[in-house]
Amino acid sequence: QKEVEQNSGPLSVPEGAIASLNCTYSDRGSQSFFWYRQYSGKSPELIMSIYSNGDKEDGRFTAQLNKASQYVSLLIRDSQPSDSATYLCAVNEVTGGGNKLTFGTGTQLKVEL
Amino acid sequence: GAVVSQHPSRVICKSGTSVKIECRSLDFQATTMFWYRQFPKKSLMLMATSNEGSKATYEQGVEKDKFLINHASLTLSTLTVTSAHPEDSSFYICSARGGGLAGGGTDTQYFGPGTRLTVL
C-alpha cells in the first residue's frame, strides 16, 4: 500500500510569517508530486507541481523535493489569513490500471492576525 | 485554462432514488477522469478511474453496480448513484486529467467544484 503522510495540524502561524508544510511518501519510484489547497466545503485547487529535486518557486509558494529522502514540502512566504486552509500533498502512483494520485490526509493551516 | 465543471452543485433526494452527477472539462480534452468522495473532515477517497470509451476501474470496496460511471466523450463523465441511501450522503468530487496543458504535466489532475449529496 503506497502511503503519503502529512501532519494533520493545525499548524498556526502569525500573519506575515513563513508556513512550512511537510510530506513524506513511501513509493520510491514516484516521479510527480503535487500540492493542493482545499478550503472548508470546497474542492481541492492545484497550487504547484514538482518533478525534479530541488526548489520550485511560484509567487509566495515554494515547493521543495528530495527524492532520496522521499520528502516534499511547501513553503508559504508572507502568510495571509486567506491562506488558512487544508493543504493536500499528492504523489503520482503508477499502477497496472494507469496513473493515479495518492493523497495525504492534509495539513490544516491557520494564519492568525 | 484547465477548468472542470460539475453539475449539480448540490442535490437533496429521497432514499431509494437515483442521482446523476455530471463532470465536464471545459477547455481541454480529458483522457482520464476520476471520481472521489469526501466525508466531513476526512481525506479524499478515490472511488474510480474512467478512461474515455472504456469501462471504469473501481477502487477496492466501491460497488460498481451502485456507482455507475460513464465516460462517453473526452469532455464528459457521469456518476450515477443508484438507489441512494442516507449513508451515501457525501461530497462527490470529480477531477480530470488531459495531456500537455500549459503549466501542467500530463499527470496533473484538475478538480471540479464538487457536488454535495444529501439523501433523506
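Residues numbered from 1 in each chain as written. Chains lettered and ligands numbered in written order. Predicted model: local features only at pLDDT ≥ 70, side-chain atom pairs only at ≥ 80, totals over all residues. Heavy atoms only, no water.

Caption draft 1: Expanded view of the sheet that holds strand β8 (residues 76–81) of chain B. All names here are of chain B. Reading across from one edge, β1-β3-β8-β7 is the order of the four strands in this open sheet, with antiparallel pairing throughout. One side of each edge strand has no neighbouring strand; the edge strands of this open sheet are β1 (4–7) and β7 (67–73). Each strand of the sheet is rotated relative to its neighbour by a mean of 15°, with strand direction disregarded. Where strand β3 (residues 19–25) lies against β8, six bridges are found, and the strand directions are antiparallel. When the bridges of β8 are listed, C23 appears paired with S77. (Pairing = 2+ DSSP bridges. Helix = DSSP H or I, 4+ residues; strand = E, 2+ residues; numbered from the N terminus. Axes fitted to C-alpha atoms, helices over the stretch in contact; angles between N-to-C directions.)

Caption draft 2: The sheet that holds strand β8 (residues 71–76) of chain A, seen in detail. Residue and element names in this part refer to chain A. Sheet architecture is open: five strands sit in the order β1-β3-β8-β7-β6, paired in antiparallel fashion. Where the open sheet ends on each side, the last strands, each with one partner, are β1 (4–5) and β6 (54–58). Bridge count for strand β7 (residues 61–66) against β8 is six bridges, and the pairing is antiparallel. Pairing of N66 across the sheet is with Y71, part of β8.

Caption draft 3: Structural view of the pattern of salt bridges. If you walk through the whole model with that rule in mind, you get six salt bridges over all chains. Residue A:E45 pairs with A:R37 through a salt bridge whose shortest N-O separation is 3.0 Å. A relative accessible area of 14% places A:R37 in the buried class. Here A:K100 ties to B:E59 by a salt bridge, and the two come within 2.8 Å at their closest N and O atoms. One end of the pair, A:K100, is in strand β10 (residues 98–103); the other, B:E59, is in the loop between β6 (57–58) and β7, on a second chain. (Salt bridge = Lys/Arg side-chain N within 4 Å of Asp/Glu carboxyl O. Buried < 20%, exposed > 50% of the residue type's maximum accessible area, 1.4 Å probe, protein only.)

Caption draft 4: Focus on the nonpolar core. All names here are of chain B. V4, W35, F67, L79, Y92 and L117 are the most contacted members of the largest nonpolar core, which has 25 residues in total. Looking at this core, the elements that each hand over two or more residues are β2 (10–13), β3, β4 (30–38), β5 (45–51), β7, β8, β9 (90–98) and β11 (115–119). If we skip the residues at most four places from it in the chain, L79 touches V19, K20, I21, W35, F67, L68, I69 and Y92. (Core = buried A, V, L, I, M, F, W, Y, C linked by side-chain atoms within 4.5 Å. Contact = heavy atoms within 4.5 Å.)

Caption draft 5: Fine view of the interface of chain A and chain B. At the junction of the two partners, chain A supplies 18 residues and chain B supplies 20 residues. Summed over both partners, the interface of chain A with chain B comes to about 1,400 Å²; 50% of that surface belongs to carbon and sulfur atoms. Three residues stand out in chain A for area buried against chain B, namely A:S43, A:K100 and A:F103, and they jointly supply 27% of the buried area on that side. The interface formed by chain A and chain B contains eight residue pairs in polar contact (both at pLDDT 80 or more). Of all elements in the fold, only β4 (33–38), β9 (85–95) and β10 of chain A reach the threshold of two or more residues within the side of chain A that touches chain B. Top element by residues in the side of chain A that touches chain B is β10(A). It accounts for four residues. (Buried area = accessible area lost by both parts, 1.4 Å probe. Polar contact = N/O pair within 3.5 Å; in protein donor to acceptor, adjacent residues only side chain to side chain.)

Caption draft 6: Layout of the side chain of B:T32. Residues and elements named next belong to chain B. Residue placement: T32 occurs in strand β4. When its relative accessible area of 4% is taken as the criterion, T32 is described as buried. Here the side chain of T32 touches N51 through a polar contact of 2.7 Å, side chain to side chain. Beyond its immediate sequence surroundings of up to four residues, T32 is in contact with T49, S50, N51, H71, S95, A96 and R97.

Caption draft 7: Main features of the side chain of B:K66. All names here are of chain B. If you trace the backbone, K66 turns up in the loop between β6 and β7. A relative accessible area of 13% means that K66 is categorised as buried. Engagement of the side chain of K66 in a polar contact is seen with the backbone oxygen of S83, the distance being 3.0 Å. With residues up to four places along the chain from it excluded, the contact list for K66 reads T80, V81, T82, S83, A84, H85 and D88.

Caption draft 8: Spotlight on the state of the cysteines. All names here are of chain A. Applying the stated criterion to the full structure yields two disulfides over all chains. One disulfide bridge connects C23 with C89, the sulfur atoms lying 2.1 Å from each other. Between C23 and C89, the S-S torsion sits near -70°, and that sign places the bridge as left-handed. With C23 in strand β3 (residues 19–25) and C89 in strand β9, this residue pair connects regions lying 66 residues apart in the sequence. (Disulfide = S-S within 2.5 Å.)

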